[in-house]
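Chain residues, written in single-letter form:
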Amino acid sequence: MSLIFSGVSFAYPDSEPLFSDITFTVRPGERVALVGPNGSGKTTLLRIAAGLQPAAGSVSCPEDRWYLPQNALCRPDEPVAELLGAARKLSALHAIEAGNGTESDFSALDDDWGIEERLAAVRERWGIGSISLDRQSCTLSGGERTRVLLAGAELSGTGAILLDEPSNHLDSDARELLYDFVGRSRAALLVVSHDRALLERMDAIVELGSGRATRYGGNYTFYCEQRGLQLEALHRRADERQRTLRQARERERELAERRQRQESRAAGHTERRGLPRIVAGSLASASQRTAARLEEERGRRIERIAAELHAVRTQIAAEQPLSVHLHSPERQDRRLLAALEGVNVRFGDRMLWTEPLSLELFSGERFRIRGGNGTGKTTLLRLLTGELLPACGSCRLTGPLRTLLLDQEYSALSGGGTLGEFIMRCDTAHRPEGELRAWLDHYCFAQEQWAQACDTLSGGEKLKLLLFGETLGVSAPDLMLLDEPTNNIDLRSQELLVSALSEYKGTVVVVSHDEPFLRNIGITNELTLAR
């Protein structure tokens with residue numbers, strides 16, 4: 001059965017419509033991704049497909065749809081078997097096998113006598129066989145919980161699957177399992193994701209923006225190519241409107257000069273002919289009215305062309321990727337920045353790593369920390385910042401280093417301040433507030449957001465704000481630490497981050513499973529962690 005959106009609109013109370021008249025179809029076996037800026041309504045549209053009531057329009061979706069939300073709440077008493085969607089069938093099967101089956105048990109089992117074998121196979125495939133079915137789901141890590149929910153999607157055999165940022169919290173191995181599942185599934189699959197590798201496996205891309213939806217029939221590369229062609233067409237349209245406006249203004253200037261010469265000659269001719277003043281005035285008034293009407297029509301045409309040019313330039317500004325120029329350290333020679341020798345961290349009664357860890361970090365490196373979920377990648381970043389002390393070994397920084405941390409929670413923005421207050425703290429040059437507001441406008445922040453609380457910003461907005469704040473300082477960071485930086489930010493924000501890191505000449509240490517992002521920033525060295 002197809003997943004069909006027909007004229008769907010939605011608005012939150014006391015707010016402008018989030019989107020209007022959204023219409024598209026996802027056929028069985030088709031993989032479609034929703035993309036667009038943070039705040040464009042991607043998650044809301046997915047929730048409408050999952051059952052949220054729209055303001056207008058309708059959604060036709062199989063009742064047994066499987067929905068994986070981005071931040072799912074878990075009940076304290078919810079077992080893993082229920083998260084997999086198998087708890088009722090298993091209890092029904094066991095009751096029937098024990099001779100205590102009721103009519104409702106047979107109805108719940110629905111002739112799925114092989115549920116235990118199918119469940120065992122799916123659990124093994126997704127690497128969750130060691131997780132007890134009775135375990136409380138709230139004790140699972142983010143990566144474990146996502147694996148369980150994806151295994152449940154496969155087990156369900158549903159006709160429609162809705163996935164909201166399914167790559168988040170997954171390590172590289174789990175992402176490969178996700179990509180394989182997406183390729184095998186015959187369900188109507190609708191995905192919200194910023195994972196380039198996943199988007200390349202899509203059959204179509206639906207872009208949400210300015211309250212509308214536009215469908216592109218291909219994967220992410222095809223979508224980017226089409227967007228590029230559209231941007232080129234906008235530039236050509238802007239050039240054409242600019243030429244037309246210049247020509248119209250030149251023509252108006254020529255006509256004005258010609259009219260002045262004609263009026264001057266006409267006045268002299270009337271005087272020579274000796275026409276009565278009242279007759280001459282009447283003739284002049286008629287001529288002036290005609291000239292004024294024509295001038296007004298030409299003026300309206302010039303205004304219309306100028307308005308069209310402004311509209312096209314506004315579109316181009318919205319389509320053009322932002323750029324931010326981070327300061328680079330003054331010293332760019334190769335030198336040792338940090339040395340870890342035989343370090344380990346204690347968790348309860350055990351050490352995190354089987355073998356103590358040693359590494360040297362040099363200036364200018366692009367250093368990747370890789371490893372599965374729970375191997376201590378974020379812990380290693382905390383050792384480098386000095387936030388965490390090792391239980392053994394030494395962590396030595398060679399001199400005072402300025403460090404910029406972009407973690408998954410954007411903790412540098414924590415504290416309850418407003419956007420304007422954060423910018424004023426970052427501005428060590430004490431620029432006028434008007435200048436800072438103008439710069440914020442350049443980074444696509446509305447003027448009214450100056451007083452907005454930082455913790456209410458989207459992930460992409462928080463990233464832009466942190467990068468902009470960094471440009472206002474006098475000194476550059478010697479070391480940038482990035483912890484899953486592409487999680488929860490839209491694709492344009494990812495492009496902004498790649499652009500900023502490409503120009504930055506300092507040292508970058510990154511934890512990420514996003515392979516396209518890692519290729520784009522030019523990793524030079526890496527360390528693989530294991531428990």
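Look a little higher up for the structure.
Residues numbered from 1 in each chain as written. Predicted model: local features only at pLDDT ≥ 70, side-chain atom pairs only at ≥ 80, totals over all residues. Heavy atoms only, no water.

Q: Can you tell me about the overall build of the chain, naming the residues and giving the values?
A: Summing up its helical and strand segments, the chain has 16 helices and 19 strands in all. In terms of overall size, the chain is more extended than a compact globule, its C-alpha atoms giving a radius of gyration of 31 Å where 531 residues would be expected to give roughly 24 Å. Considered along the principal axes of its C-alpha atoms, the chain spans approximately 120 × 70 × 35 Å. For the chain, the residues scored as buried account for 45% of the 531 residues in total. Across the chain, every contact between residues at least 6 apart in sequence was considered, and the portion connecting residues at least 24 apart equals 72%. As presented, the chain carries roughly 26800 Å² of accessible surface, and 49% of it is formed by carbon and sulfur atoms. When the 65 positive and 75 negative side-chain charges of the chain are each reduced to one mean point, those points stand 10 Å apart. (Helix = DSSP H or I, 4+ residues; strand = E, 2+ residues; numbered from the N terminus. Rg over C-alpha atoms; globule rule 2.2 N^0.38 Å. Buried < 20%, exposed > 50% of the residue type's maximum accessible area, 1.4 Å probe, protein only. Contact = heavy atoms within 4.5 Å. Areas by Shrake-Rupley, 256 points an atom, 1.4 Å probe, with all protein chains shown as cover. Lys, Arg positive; Asp, Glu negative; His and termini not counted. Charge placed at Lys NZ, Arg CZ, Asp CG, Glu CD.)

Q: Break down the sheet that holds strand S19 (residues 525–529) for me, citing the residues and quoting the values.
A: Strands belonging to one sheet form pairs held by backbone hydrogen bonds; the direction of such a pair is parallel or antiparallel. With parallel pairing, five strands are arranged side by side in an open sheet as S16-S17-S18-S14-S19. With partners counted over all chains shown, the strands left at the sheet margins are strand S16 (403–406) and S19, one partner each. When strand polarity is set aside, the average angle formed by the axes of neighbouring strands in this sheet is 15°. With four bridges connecting them, S16 and strand S17 (residues 479–483) associate as parallel partners. From the neighbouring strand, Leu405 faces S17, where its bridge partner is Leu481. Each of strand S14 (366–371), S16, S17, strand S18 (507–511) and S19 is contacted by helix H11 (residues 377–385), which is oriented at about 155° to S17, the strand it contacts most. (Pairing = 2+ DSSP bridges. Axes fitted to C-alpha atoms, helices over the stretch in contact; angles between N-to-C directions.)

Q: Kindly report on the sheet that holds strand S5 (residues 66–68), identifying the contributing residues and their values.
A: Reading across from one edge, S5-S6-S7-S3-S8-S9 is the order of the six strands in this open sheet, with mixed pairing throughout. Strand pairing shows two members of the sheet lacking a second neighbour, S5 and strand S9 (212–216), which therefore form its edges. Neighbour-to-neighbour, the strand axes of this sheet turn through a mean angle of 15°, independent of strand direction. Of the strand pairs in this sheet, strand S3 (residues 31–35) and strand S7 (residues 188–192) are connected by four bridges, and their pairing is parallel. Paired with Arg31 across the strands is Leu189, a residue of S7. Contacts between helix H6 (residues 142–156) and the sheet are confined to S5 and strand S6 (160–164), with S5 contributing the most and set at about 165° to the helix.

Q: An account of the packing of aromatic side chains is needed here, citing residue identities and associated values.
A: Per the stated rule, a full pass over the model turns up seven aromatic pairs. Measuring from centroid to centroid gives 4.6 Å for Phe5 and Phe24, while their planes differ by 25°, and the two rings are stacked. Here the residue Phe5 occupies a position in strand S1 (residues 3–10), and Phe24 occupies one in strand S2 (residues 19–26), the gap between them amounting to 19 residues. The class of Phe5 is buried, set by a relative accessible area of 1%. Among the residues examined, Phe24 registers a relative accessible area of 6% and is labelled buried. Measuring from centroid to centroid gives 5.9 Å for Trp126 and Phe181, while their planes differ by 70°, and the two rings are edge-to-face. Highlighted residues: Trp126 in the loop between helix H5 (115–125) and H6 and Phe181 in helix H7 (residues 172–184), separated in sequence by 55 residues. (Phe/Tyr/Trp six-rings, centres within 6.5 Å; stacked < 30°, edge-to-face > 60°.)

Q: Residue-level account of the state of the cysteines, with values.
A: This model, assessed by the stated rule, comprises zero disulfides. Of all cysteine sulfurs in the structure, the one in Cys454 sits closest to Cys426, which takes part in no disulfide; the separation is 9.1 Å. Note on Cys426: relative accessible area 17%, which makes it buried. (Disulfide = S-S within 2.5 Å.)

Q: I'd love a proper account of the side chain of Asn344, names of residues and values included.
A: Turning to its location among the elements, Asn344 is positioned in strand S10 (residues 336–344). At 3.4 Å, the side chain of Asn344 and the backbone nitrogen of Leu352 are in polar contact. The residues contacting Asn344, other than those within four sequence positions of it, are Met351, Leu352, Trp353, Glu355, Pro356, Pro390, Ala391 and Cys392. (Polar contact = N/O pair within 3.5 Å; in protein donor to acceptor, adjacent residues only side chain to side chain.)

Q: Can you break down the environment of Ser172 residue by residue, with the values?
A: Along the chain, Ser172 turns up in helix H7. Taking the C-alpha atoms as reference points, Ser172 and His513, 341 residues apart in sequence, are found 5.6 Å from one another.

Q: An account of unusual backbone geometry is needed here, citing residue identities and associated values.
A: The phi torsion at Asp110 lies on the positive side, around 55°, for a residue other than glycine. Looking at the secondary structure, you find Asp110 in the loop between helix H4 (103–109) and H5. For Asp110, a relative accessible area of 56% translates into the label exposed. Of note in the backbone geometry, Ser210 takes a positive phi value of approximately 55° without being a glycine. Note on placement: Ser210 falls in the loop between strand S8 (204–209) and S9.

Q: Quick one: what's the story with the nonpolar core, residue by residue and with numbers?
A: Ranked by internal contacts, the top residues of the largest apolar core, which has 48 residues, are Leu84, Leu163, Leu178 and Met202. Considering each element in turn, this core owes the most residues, six residues, to H6. When near neighbours in sequence (up to four residues on either side) are disregarded, Leu163 contacts Leu46, Leu68, Leu150, Leu178, Leu189, Leu190, Val191 and Val192. Formed by 37 residues, the second largest nonpolar core is a distinct cluster that contains Leu326, Tyr410, Leu467 and Leu497. (Core = buried A, V, L, I, M, F, W, Y, C linked by side-chain atoms within 4.5 Å.)

Q: Talk me through the packing of H6 against H7; I want residue IDs and the actual numbers.
A: Between H6 and H7, the least distance of the axes is 11 Å, while the angle of their chain directions is 20°. With respect to their mutual orientation, H6 and H7 come out roughly parallel. For the element pair H6 and H7, the recorded crossing hand is left-handed. Between H6, through Arg147, Leu150, Ala153 and Glu154, and H7, the contact on the second element is made entirely by Asp173, Ala174, Leu177, Leu178, Phe181 and Arg184. (Parallel < 35°, antiparallel > 145°, perpendicular 65-115°, else oblique. Left-handed = near helix turned anticlockwise from the far one by under 90°.)

Q: Report on the packing of helix H12 (residues 419–426) against helix H14 (residues 459–471), specifying residues and quantitative values.
A: The geometry of H12 relative to H14 is characterised by a closest axis approach of 8 Å and an angle of 25° between their N-to-C directions. Classified by the angle their axes make, H12 and H14 are roughly parallel. As H12 runs across H14, the sense of the crossing is right-handed. Facing Leu419, Phe422, Ile423 and Cys426 of H12, the residues of H14 in contact are Leu465, Leu466, Phe468 and Gly469.

Q: Quick one: what's the story with the side chain of Arg147, residue by residue and with numbers?
A: Of note, Arg147 is situated in helix H6. In contact with Arg147, not counting residues within four places along its chain, are Trp126, Gly127, Ile128, Leu170, Asp171, Asp173, Ala174 and Leu177.

Q: Explain the pairing of S9 to me, using residue names and the numbers behind them.
A: Alignment of S8 against S9, held across five bridges, turns out to be antiparallel. In the strand pairing of S9, Leu208 is matched with Ala213. Here S8 folds back onto S9 in antiparallel fashion, the turn holding two residues, of which Ser210 has a positive phi close to 55°.

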